[in-house]
Amino acid sequence: MSNVYIMDHPLIQHKIGIMRRKTTSTKEFRDLVSEVAMLICYEATRKLPLTEIEIETPLMRTVAKEIEGKKLCIVPILRAGLHMADGILTLIPNAKVGHIGLYRNEETLEPVEYFCKLPSDAAEREMYVVDPMLATGGSAVAAINLLKKRGIKKITFLCLIAAPEGVARLTSEHPDVDVYIGNLDERLNENGYILPGLGDAGDRIYGTK
Ligand code: PRP
Ligand code: URA
């Protein structure tokens, strides 16, 4: 069974509330995508194993903790996932970044793949797939299928807003993937948009509509 974690932190709630408003500017929206992604990542990395190392403070030797040699990789789904990756890199600056390009066919709502570039040692890495919106779930499922085909075993999915339909599809097709969600919304409309949602995340980040 997938583990689904829905964020209840007040900062995440507050910031997503600002993102939803239609009056929020492109710049403010883009900055908030990064900030909220960073906050969700803080929760998603809670289980990373620690190891102890000996260090020297200015006063004495002591034992400190550091994250065990985990090899992490952030995989934004283009376009809208890119700004989530930027926010996460401020917390985990040494992570590698892979890119998966997918867009939804507006009629069928099926994802169309147009790009995939992963680090050469991807199969050894733990992947954090990021996309602000989990709507029908088609894009997330396709991105994770692609990673699994390349031998990747440990995958976590992070999004800002999800529809129940997308969560159901993702958890049934990939029950081994942990899913971190900023806000769980009500439903999809007839065009596959999340209600109440925030509109088209890519367009709001890049000002393309
Ligand atoms: C949006 C969003 C997800 C996808 C979610 O991208 O960023 O990738 O839709 O929908 P789904 O769960 O029904 O697949 P979009 O296809 O609009 O592409 P874009 O980022 O290039 O704008
Ligand atoms: N993609 C978006 O950007 N927004 C939605 O509501 C659904 C899919």
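All of these numbers come straight from a predicted model, not from anything done at the bench. (Residues numbered from 1 in each chain as written. Chains lettered and ligands numbered in written order. Predicted model: local features only at pLDDT ≥ 70, side-chain atom pairs only at ≥ 80, totals over all residues. Heavy atoms only, no water.)

Draft legend 1. Geometry of the overall build of the protein. Across its full length, the protein carries six helices and 13 strands. A compact globule built from 209 residues would reach a C-alpha radius of gyration of about 17 Å, and the protein, at 18 Å, matches this within 12%. Counting only C-alpha atoms, the protein reaches 65 × 40 × 30 Å along its principal axes. Within the protein, the proportion of its 209 residues that are buried is 47%. (Helix = DSSP H or I, 4+ residues; strand = E, 2+ residues; numbered from the N terminus. Rg over C-alpha atoms; globule rule 2.2 N^0.38 Å. Buried < 20%, exposed > 50% of the residue type's maximum accessible area, 1.4 Å probe, protein only.)

Draft legend 2. The site of ligand 1, seen in detail. The local shell around ligand 1 holds 15 residues, among which Arg104, Asp131, Thr136, Gly137 and Ser139 are the closest. A distance of 2.9 Å separates an oxygen atom of ligand 1 from a polar atom in the backbone of glycine 137. In the environment of ligand 1, an oxygen atom lies 2.6 Å from a nitrogen or oxygen atom belonging to the side chain of serine 139. Its free accessible area being 500 Å², ligand 1 has 91% of it covered by the protein chains. Those elements that provide at least two residues to the shell around ligand 1 are β6 (99-104), β9 (133-134) and α4 (138-149). Tallied by class, the residues present in the shell around ligand 1 amount to six nonpolar, five polar and four charged. (Near = heavy atom within 4 Å. Polar contact = N/O pair within 3.5 Å; in protein donor to acceptor, adjacent residues only side chain to side chain. Areas by Shrake-Rupley, 256 points an atom, 1.4 Å probe, with all protein chains shown as cover. Nonpolar A, V, L, I, M, F, W, Y, C, P; charged D, E, K, R; others polar.)

Draft legend 3. How the structure looks around the site of ligand 2. Taken together, the residues surrounding ligand 2 are Arg104, Met133, Ala135, Gly192, Tyr193, Ile194, Gly199, Asp200 and Ala201. Between ligand 2 and isoleucine 194 there is a distance of 2.8 Å, counted from an oxygen atom to a backbone nitrogen or oxygen. Alanine 201 has a polar backbone atom sitting 2.8 Å from an oxygen atom of ligand 2. Considering ligand 2 on its own, with 240 Å² of exposed area, one finds that the protein chains cover 89% of that surface. For the shell around ligand 2, the class distribution of residues is five nonpolar, two polar and two charged.

Draft legend 4. Representation of the nonpolar core. The biggest cluster of nonpolar side chains holds 36 residues, and the ones touching the most others in it are Met19, Ile40, Ile88, Leu158 and Leu160. Mapped onto this core, the elements with two or more residues apiece are α1 (10-20), α2 (26-44), β4 (72-78), α3 (81-91), β8 (126-130), β10 (155-162) and α6 (201-206). The leading source of residues in this core is α2, at eight residues. Each residue touching isoleucine 88, except ones within four places of it in the same chain, is listed here: Ala37, Cys41, Ile74, Val130 and Leu158. With 27 residues, the next largest nonpolar core counts Leu102, Ala140, Ile155 and Val177 among its residues. (Core = buried A, V, L, I, M, F, W, Y, C linked by side-chain atoms within 4.5 Å. Contact = heavy atoms within 4.5 Å.)

What is shown is where atoms sit, not what they do.
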